[in-house]
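The chain contents come next:
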Amino acid sequence: MEESSIAEFYKGRSVFITGATGFMGKVLVEKLLRSCPGVDQLYLLMRPSKGKDVSTRLREFIDNQVFENLRNEHPEQLKKIVAVAGDVTFPGFGLSSEDMQLIIDNVSIVFNSAATVKFDEELKTAVQLNVKGPRELLAICRKMEKLQAVVHVSTAFNNLDREELDEVIYPATIDPIKLIELIDCLDDGLVRAITKELVGQCPNTYTYTKALAEQLLERECGDIPLAIVRPSIVTAAEHEPLPGWVDNLNGPTGFVSGVGKGFIRTFKINSQLVGDIIPVDYPINLMIAVGWHTAIQNRRLDKTSGIPKKIEVYNCSTGQKNPLTWEMFREIGFNYWLKYPTVEMMWYPNCSFTKNKTVHKIDQAISHYLPAYALDLVARLTGKRVKWVRLYDRAHHAISCLDFFMTHQWRFVSENQIRLLDFLSEADRRTFYFDVRQIDWNTYIGTYVAGARRYILKDDPSTLPAARRNLKKLYAAKMLLRLTLLAVFVLVLSYLWQVLSSWGSTIPGEYMASDNITFLHLQSEVEKETSNQGINPYLTSGIKS
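Residues numbered from 1 in each chain as written. Predicted model: local features only at pLDDT ≥ 70, side-chain atom pairs only at ≥ 80, totals over all residues. Heavy atoms only, no water.

For clarity, the threshold we go by: UniProt positions are given in the numbering used here, feature names are shortened, and annotations may be inferred rather than shown by experiment.
The chain goes by Fatty acyl-CoA reductase in an unreviewed UniProt entry, where it is assigned to Daphnia magna. Checking UniProt for the chain, the heading Catalytic activity (unreviewed entry) contains the comment "a long-chain fatty acyl-CoA + 2 NADPH + 2 H(+) = a long-chain primary fatty alcohol + 2 NADP(+) + CoA". Looking at the chain in UniProt, the text filed under Function (unreviewed entry) is "Catalyzes the reduction of fatty acyl-CoA to fatty alcohols."

And the structure:
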């Protein structure tokens, strides 16, 4: 059996990962431990939070469902995970001297996926996490004695003032170093006041700061062997670590789950545009392969000329090679929700897309707020907690952050990931698959819906028969409501018709009689007042007409 060159490369080497507790970070850790069994240690940067120290967070991390297969088949691999306490917003990541030395002496490959992914994040916080964080990482990497590759996770959605985004680092509109200095010397209120002017045409602080981070890395990385991976919209796993696995409501996952529950029924989306989604296992496999390729090719330094080479950028997207429109996504997803419904539905699932803001607001008022106010009224009268209007307010705010991305389209050039396939053996292509041309969207979206049902809505597969019975009841209720509304409409229309008919048979006749009397009176007055008999017939004729 052909051996994996990538797995062999990671054998005996230690890896440092930031952002390991995030969605992509968990999948990366699981994949390295399972598909690169010879890897030495995985050092994960973890921040103590909510009264929990790092050891407690590590235990919770290992107990996550994503490591289910490893716990059952290779539990010894989980012992390779080492948590180091730190925070990317602190100088030197706030690492203790012991942990810093541990990393400097042992780490060969670094994956930097730490970032705030909130689209409406405060600019000051976004700069600290997304720009200053990578800068601090470079300072640590310069001290590493065994460093062979650094893979920075960015996003395909930066520099969105362009229609086509190539696999290059574009110049920033502002010096990232000067921006850091500016933000550091201003109070929070003043930063908020100038955020819109600083961000300019960028839709939010996330895309703005991710683009600045790339600029900073290019300027300051020196001879550090660095590569950048830019995923588009990362969604549930296609195959690994578990089919359909997802642990958050970000992006389309919130849409999928909301529609399945019957909670969200209208979206502001241009349905004809390409929705550039990518299953999480694809960028993770690409990142691992890029780490290997960057190391063996020594991308940052040409040994013969001594001239640093440009940073290799990999756009990890599907729009160019395997496009999927939002309308296709809606139709396929809706059909799978009818096949695999969730148990506790608010209403029969359905959704509509519109790119018109006014139509969308009207749809929200009818489909969301009208039922919400009715439910809250019932809750108030029965002494229960009022919540539905508030829930819709929060949901609409979260969804509105994505409006810009759902009503615009870009062409992400993604040739480098395809070229990288030429360097992989057949064994590595199977194990570390990232060829997006192989995605079957119909099958994947079915997996996505099933994953949302199981991992987000927490529905056990055994509940499916009950869910299908409930769906039939809701369909009957939906049709009954439609018939009732239709009957009310017909009754109102019939009543209006009767009123109009009655008004037409009485009121117009009175007006006509009054008009005839007026005309006859005018004719009599004219005959009396005029002595010119020659024009009298013409006046009489004119009045009658």
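The structure having been displayed, the exposition proceeds.
## With respect to the pattern of salt bridges
Using the following cut-off: Criterion for a salt bridge: a side-chain nitrogen of Lys or Arg within 4 Å of a carboxyl oxygen of Asp or Glu. Under the DSSP-based scheme used, a helix requires at least four consecutive residues in state H or I and a strand at least two consecutive residues in state E, with every element numbered from the N terminus. Here the term buried applies to any residue with accessible area under 20% of the maximum for its type, exposed to any over 50%, and partly exposed to those in between, with areas from a 1.4 Å probe on protein chains only.
Applying the stated criterion across every chain, the model contains 16 salt bridges. Linking R34 and E30 is a salt bridge whose minimum nitrogen-to-oxygen distance equals 2.7 Å. A residue pair is termed a helical-turn pair when its members lie 3 or 4 positions apart in one helix, as R34 and E30 do in helix α2 (residues 23–35) at four residues. Taking relative accessible area as the criterion, R34 reaches 26% and is therefore assigned partly exposed. Judged by its relative accessible area of 1%, E30 falls in the buried class. Residue D175 pairs with R219 through a salt bridge whose shortest N-O separation is 3.0 Å.

## Details of unusual backbone geometry
Cis geometry is found at the peptide bond from E240 to P241, where omega equals 5 degrees. Relative to the assigned elements, P241 resides in the loop between β8 (233–235) and α10 (252–261). For F93, which is not glycine, the phi dihedral falls at a positive 60 degrees. Tracing the backbone through its elements, the reader meets F93 in the loop between β3 (81–85) and α5 (97–106). Its relative accessible area of 0% is what places F93 among the buried residues. At K458, a position not held by glycine, the phi torsion is positive, near 60 degrees. If you trace the backbone, K458 turns up in the loop between α18 (441–456) and α19 (464–529).

## Considerations on the sheet that holds strand β4 (residues 107–112)
For clarity, the threshold we go by: Strand pairing is assigned whenever DSSP detects at least two bridges linking the two strands. Every axis corresponds to a line fitted to the C-alpha atoms, with the helix fit spanning only the stretch in contact, and the corresponding angles, defined between N-to-C directions, vary from 0 to 180 degrees.
Strand order in the open sheet formed by seven strands is β3-β2-β1-β4-β5-β7-β11, and the pairing between neighbours is parallel. Each end of this open sheet is capped by a strand with a single partner; those strands are β3 and β11 (312–316). The sheet shows a mean angle of 20 degrees between the axes of neighbouring strands, direction not considered. Here strand β5 (residues 149–153) runs beside strand β7 (residues 226–231); their pairing, made up of four bridges, is parallel. Across the sheet, H152 pairs through a bridge with I228, a residue of β7.

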